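Structural description and commentary
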Amino acid sequence: MTAMKLCKLYLFACAILSPKYHCFSTTRADQNDDTNKSITCNSAIKLLHKESRYHKLNSMPHKWGGHSGSQQQQIVTLVNNHDHSALWIVQRQQQQQQQVPKKSRRNHGDYCLPGTYIKCNDVIRLMHLETNNYLHADGTTTGRSSRSPLSGQGSVTAIEDDDNANNDWRVICSGNDDDVRREKNSGGETNWKRGVEFRLKSVATGRYLSGSSARQFNVGNCGEHCPILEHLEVSTSVREDYLSLWVVGGGGVYLFK
């Protein structure tokens with residue numbers, strides 16, 4: 001299924017299941033309207049990696065295998081190919097899910113009211129739209145974690161378990177953005193917005209979601225029939241640097257009250 005078909009399907013679901021909310025893709029949004037640039041609960045977004053010239057955070061139904069593999073779903077970044085697998089649903093953090101019956105939690109965020117603004121410094125989780133698995137950081141702040149295959153940093157995968165606290169990520173907006181500085185100076189809370197640089201910090205590990213254009217899977221490190229050839233590795237890093245900067249953009253579906 002193409003990204004456009006997925007977006008249309010999600011828009012249709014919004015219209016049927018959430019009649020009190022406005023749903024639109026970024027192709028229809030007013031690019032000059034600051035409100036439309038805000039990110040909200042249940043929106044389907046794409047995360048673009050800054051250093052690699054906006055490779056998109058991506059997952060496909062392939063798992064890390066071999067004796068040392070986690071057998072969990074792979075997370076990588078890539079360019080426009082397979083664009084449909086770069087959509088992620090914004091949900092609330094793990095603790096708030098306990099207030100909702102488990103059988104209801106996978107209904108695209110019953111515990112995260114559609115259209116509610118996500119603020120900078122909020123704790124969220126991201127559910128992959130195509131596979132319904134959650135972006136996951138392995139390890140703890142004090143213990144050892146599985147290592148990423150190329151750089152040997154913290155492992156990032158996607159898992160089905162929606163009770164796992166390692167699915168929780170804190171949104172840290174960049175202080176270099178004019179909107180962030182202005183709202184901080186005025187004492188107001190800053191919404192997480194499209195086009196604004198940010199980092200995702202794993203609550204469980206204290207590490208940042210990271211990537212690098214220098215860490216590419218090729219025949220030499222992945223094999224001739226590797227399903228992620230020419231994709232870039234995603235990991236968690238202790239460094240709060242340029243490799244951990246992301247922006248939201250490149251299309252998506254956004255919900256507003």
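The rules we used
- Residues numbered from 1 in each chain as written.
- Predicted model: local features only at pLDDT ≥ 70, side-chain atom pairs only at ≥ 80, totals over all residues.
- Heavy atoms only, no water.
- Helix = DSSP H or I, 4+ residues; strand = E, 2+ residues; numbered from the N terminus.
- Buried < 20%, exposed > 50% of the residue type's maximum accessible area, 1.4 Å probe, protein only.
- Contact = heavy atoms within 4.5 Å.
- Areas by Shrake-Rupley, 256 points an atom, 1.4 Å probe, with all protein chains shown as cover.
- Disulfide = S-S within 2.5 Å.
- Phe/Tyr/Trp six-rings, centres within 6.5 Å; stacked < 30°, edge-to-face > 60°.
- Lys NZ or Arg CZ within 6 Å of the ring centre and 35° of its normal.
- pLDDT = per-residue confidence, 0-100.
- Salt bridge = Lys/Arg side-chain N within 4 Å of Asp/Glu carboxyl O.
- Polar contact = N/O pair within 3.5 Å; in protein donor to acceptor, adjacent residues only side chain to side chain.

This next bit is on the overall build of the chain. When its secondary structure is counted, the chain shows four helices and 15 strands. The buried share of the chain, reckoned over its 257 residues, is 54%. Taking contacts inside the chain between residues at least 6 apart in sequence as the whole, the part at least 24 apart equals 74%. Carbon and sulfur atoms make up 47% of the accessible area of the chain, which totals about 12300 Å².

Applying the stated criterion across every chain, the model contains two disulfides. The disulfide that involves Cys 120 links it to Cys 173, with 1.9 Å between the sulfurs. Note on the Cys 120 and Cys 173 pair: the S-S dihedral is about -90°, so by sign convention the disulfide is left-handed. Here Cys 120 is found in the loop between α2 (94–97) and β7 (123–128), whereas its partner Cys 173 is found in strand β10 (residues 169–173), with 53 residues between them in sequence.

Okay, the packing of aromatic side chains next. Considering all chains together, one arrives at two aromatic pairs under this definition. Ring centres 5.1 Å apart and planes at 75° place the aromatic pair Trp 192 and Phe 198 in the edge-to-face group. By relative accessible area, Phe 198 is classed as buried at 0%. The cationic tip of Arg 125 hangs over the ring face of Tyr 134; the distance from NZ or CZ to the ring centre is 4.9 Å. When the ring centre of Tyr 254 is taken as origin, the NZ or CZ atom of Arg 194, which lies over that ring, is 5.2 Å away.

For the chain, per-residue confidence averages 79 on the pLDDT scale, and residues scoring 70 or more make up 68% of the total. The spread of mean pLDDT over the elements of the chain runs between α2, the lowest at 54, and strand β11 (residues 198–202), the highest at 97. Contacts for the low-pLDDT stretch residues 103–110, under 50 throughout, to residues beyond four places or in other chains number 22 contacts.

The next subject is the pattern of salt bridges. Tallied over the entire structure, the rule returns four salt bridges. A salt bridge links Glu 197 to Lys 50, with the nearest nitrogen and oxygen atoms 2.1 Å apart. In this pair, Glu 197 sits in the loop between α3 (178–185) and β11 while Lys 50 sits in the loop between β3 (47–49) and β4 (55–63), placing the two residues 147 residues apart along the sequence. The exposure class of Lys 50 is buried, given its relative accessible area of 18%. Residues Arg 125 and Asp 168 are paired through a salt bridge, measuring 3.4 Å at the closest nitrogen-oxygen approach. Of the two residues, Arg 125 is situated in strand β7 and Asp 168 in the loop between β9 (154–159) and β10; the sequence distance between them amounts to 43 residues. Each member of the pair, Arg 125 as well as Asp 168, is classed as buried.

Moving on to the environment of Ser 237. With respect to the secondary-structure elements, Ser 237 resides in strand β13 (residues 232–237). On the basis of relative accessible area, Ser 237 is assigned to the buried category, the value being 3%. With 29 residues separating them along the chain, Ser 237 and Tyr 208 place their C-alpha atoms 5.1 Å apart. Aside from chain neighbours lying at most four places away, what touches Ser 237 is Gln 153, Arg 207, Tyr 208 and Ser 210. Within polar-contact distance, the side chain of Ser 237 engages the backbone nitrogen of Arg 239 at 3.0 Å.

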